[in-house]
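Survey of secondary and tertiary structure
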Amino acid sequence: RYDPIANNIFIMACTLDRSDPLGGLPPKHCLNGGYTPVFTDRLQLEEALLFSKTTLEENLKANVNLVRVSAPLFVTRASGFNDNLNGTERPATFEPRDFPGVHLEVPFSLAKWKRWALHYYKVEAGKGIVTDFRGLRCDDDVDYTHSLYVDQFDWEKRIEAADRNIEYLKATVLAIYKALYDTEQAVCKKYGIEAYLPEELTFATSDDMIKEHPHATPKQRENILCEKHQAVFFIGIGGMKEDGSLRHDGRAPDYDDWITERPDGGHGLNGDLLIWNPILKQSFEISSMGIRVNPEVLLKQLDLCGVPERKDFVWHKMLLDGTLPQTIGGGIGQSRTCQYLLRAAHIGEVQHGWYNPAEVEILKKDGINLLGLGEFDADPSAKSA
């Protein structure tokens, strides 16, 4: 992935081989009869999707002390409320008919909006919010685990300044993992599926894994960890190594804290929740989360990424002047989680999305049907008139 700010090419923790015109297909062992969907009845699948999502949401609210709130489908560009992800993606943007020059963006996530929402709803420390977020990511990979359409449980919790430490992060991660573990147990019991998640979650750091496997790619390091431990929280996402290359995947400068030094000598108070996917036989990211930037860290990370001008956005000013509270937060992919829970080889089996039409036809012939796609001889969703 190319970063125009750093004028560099980063090796990300991704699976899509863009040089392959059919690179979005599931692994070869899932094709040619190597995979059989658990659900063949579409209505039963929809019931299982709803059960999986509602069970996970209820477990999250109970374990992390969250309250469900409504969320926006678009925000103004000038507000700076949109999440910048890795800092290079294009947002889906439009102008209201009667207000030319006003640019509205469909958020990538609600990482910034949620922090403002804690202020707006006057949420006290120790309590948080969760939203049923729906968004678009025009520049995301389109493959068997990624979609242009994003649905996730975006959550944020207010904390005290003293909670900005690795112990608080780990305690929160364990509460979230317990919600996922209990959800898998409930889904597997209801639908007769074998459960795989271990009761115990393993913590690892990108700094240590780079030392242990210096020549491995980010995705290879994740696979090594997950195949061994089955469920891992990988600490320290974003930032650079001493040679100027990306440490492990990318993060925007204005939500997660990826520079604060930890007691173990590593940097970053964030991470990814990864599990071993028994169908795909590879690591599988369920969630990204972290303790958010405080004013000092925000300014440092903006400078490191070469975008100090962002401090003049409305959201950034509110953080810098102390209006916005200290928080921890993250997103848990709904379709991604359902793909794992319901043992699907392709995310399109559990989500109405858009995928390479050539791949859709190959999958259909192999008995892997993506929701709503491949139902016409000339698929009207493939090309515009």
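Figured I'd write up the structure that's included with this text. All figures in this text were calculated on a predicted structure; none of them were measured in a lab.

Across its full length, the protein chain holds nine helices and 13 strands. Per-residue burial over the protein chain gives 53% buried out of 385 residues. Summarising the internal contacts of the protein chain: among those between residues at least 6 apart in sequence, 71% fall at separations of at least 24. About 17,400 Å² of surface is accessible on the protein chain, with carbon and sulfur atoms providing 53% of the total.

Before going further, it helps to examine the nonpolar core. Within the largest apolar cluster, 61 residues are counted, with the highest numbers of intra-cluster contacts made by W155, Y177, F233 and I332. Here this core gets 13 residues from one element, more than from any other, and that element is helix α3 (residues 166-191). Of all hydrophobic cores here, the second largest spans 23 residues; its members include L118, I129, W315 and M318.

Okay, helix α9 (residues 357-365) next. E359, V360 and L363 are the residues of α9 that are buried. The buried residues of α9 all sit within an arc of 105° when viewed along its axis, so they share a single face. In this structure N356 caps α9, since a side-chain oxygen of it lies 3.0 Å from the backbone nitrogen of A358. A positive phi of about 80° marks G367, the residue just after α9.

A few words now on the sheet that holds strand β4 (residues 75-76). One open sheet holds the three strands; their spatial order is β4-β6-β5, and the pairing between them is antiparallel. Single-partner strands in this sheet number two, and they are β4 and β5 (92-94).

Here helix α8 (residues 334-341) lies mainly inside the structure; eight of its eight residues are buried. Looking one or two places after α8, you find R343, whose phi comes out positive at around 55°.

Another aspect to go through is the packing of aromatic side chains. The full count for this structure, using the stated rule, is eight aromatic pairs. Ring centres of F203 and F233 lie 6.0 Å apart, and the angle between their planes is 70°; on these two criteria the pair is classed as edge-to-face. Note that F203 is positioned in strand β9 (residues 202-205) and F233 in strand β10 (residues 231-235), a separation of 30 residues in sequence. Note on F233: relative accessible area 0%, which makes it buried. An aromatic cluster is built from F81, W113, W116, Y120 and Y121, whose rings are joined through pairwise contacts.

By the criterion of burial, strand β8 (residues 149-158) is predominantly enclosed, with eight of the 10 residues buried. Pairing analysis gives nine bridges linking strand β7 (residues 128-136) to β8, with the strands arranged antiparallel. Its bridge partner being in β8, I129 is matched across the sheet by E156. Relative to strand β13 (residues 327-333), β8 runs antiparallel, the two being bridged by seven bridges. Residue pairing for β13: R158 is matched across the bridge by T327.

Okay, the packing of helix α1 (residues 42-64) against α3 next. For the pair α1 and α3, the least separation of the axes is 9 Å and the interaxial angle reads 150°. Regarding the angle of α1 to α3, the classification is roughly antiparallel. The two elements α1 and α3 meet at a crossing, and its hand is right-handed. Judged by residue contacts, Q44, E47, A48, F51, S52, T55, L56, N59, L60, N63 and V64 of α1 engage T172, A175, I176, K178, A179, L180, D182, T183, A186, V187, K190 and Y191 from α3.

The next point concerns the environment of Y196. With respect to the helices and strands, Y196 occurs in the loop between α3 and β9. Sequence separation between Y196 and Q230 is 34 residues; the distance between their C-alpha atoms is 8.2 Å. Y196 has contacts with E184, P278, Y340 and R343, leaving out every residue within four places of it along the chain. In terms of polar contacts, Y196 uses its side chain to reach the side chain of E194, at 3.4 Å.

Strand order in the open sheet formed by eight strands is β3-β7-β8-β13-β12-β11-β10-β9, and the pairing between neighbours is mixed. Each edge of the sheet is formed by a strand with only one pairing partner; in this case those strands are β3 (66-68) and β9. When the angles between neighbouring strand axes are averaged without regard to direction, this sheet yields 30°.

A few words now on the side chain of Q301. Take Q301: it is sitting in helix α6 (residues 295-304). A relative accessible area of 0% places Q301 in the buried class. Within the structure, the side chain of Q301 is placed 3.1 Å from the backbone oxygen of D256, a separation counted as a polar contact. At a separation of 2.8 Å, a polar atom in the side chain of Q301 contacts the main-chain amide nitrogen of W258.

Phi at Q230 is positive, roughly 75°, even though this residue is not glycine. With respect to the secondary-structure elements, Q230 resides in the loop between α5 (218-229) and β10. In the Ramachandran plot, K281 falls in the positive-phi region, its phi being about 60° despite a non-glycine side chain. With respect to the helices and strands, K281 occurs in the loop between β11 (270-277) and β12 (282-291). By relative accessible area, which is 51% here, K281 ends up exposed.

Conventions and cut-offs
Residues numbered from 1 in each chain as written. Predicted model: local features only at pLDDT ≥ 70, side-chain atom pairs only at ≥ 80, totals over all residues. Heavy atoms only, no water. Helix = DSSP H or I, 4+ residues; strand = E, 2+ residues; numbered from the N terminus. Buried < 20%, exposed > 50% of the residue type's maximum accessible area, 1.4 Å probe, protein only. Contact = heavy atoms within 4.5 Å. Areas by Shrake-Rupley, 256 points an atom, 1.4 Å probe, with all protein chains shown as cover. Core = buried A, V, L, I, M, F, W, Y, C linked by side-chain atoms within 4.5 Å. Arc of directions from axis to C-beta. Polar contact = N/O pair within 3.5 Å; in protein donor to acceptor, adjacent residues only side chain to side chain. Pairing = 2+ DSSP bridges. Phe/Tyr/Trp six-rings, centres within 6.5 Å; stacked < 30°, edge-to-face > 60°. Axes fitted to C-alpha atoms, helices over the stretch in contact; angles between N-to-C directions. Parallel < 35°, antiparallel > 145°, perpendicular 65-115°, else oblique. Left-handed = near helix turned anticlockwise from the far one by under 90°.

These figures capture arrangement, not role.
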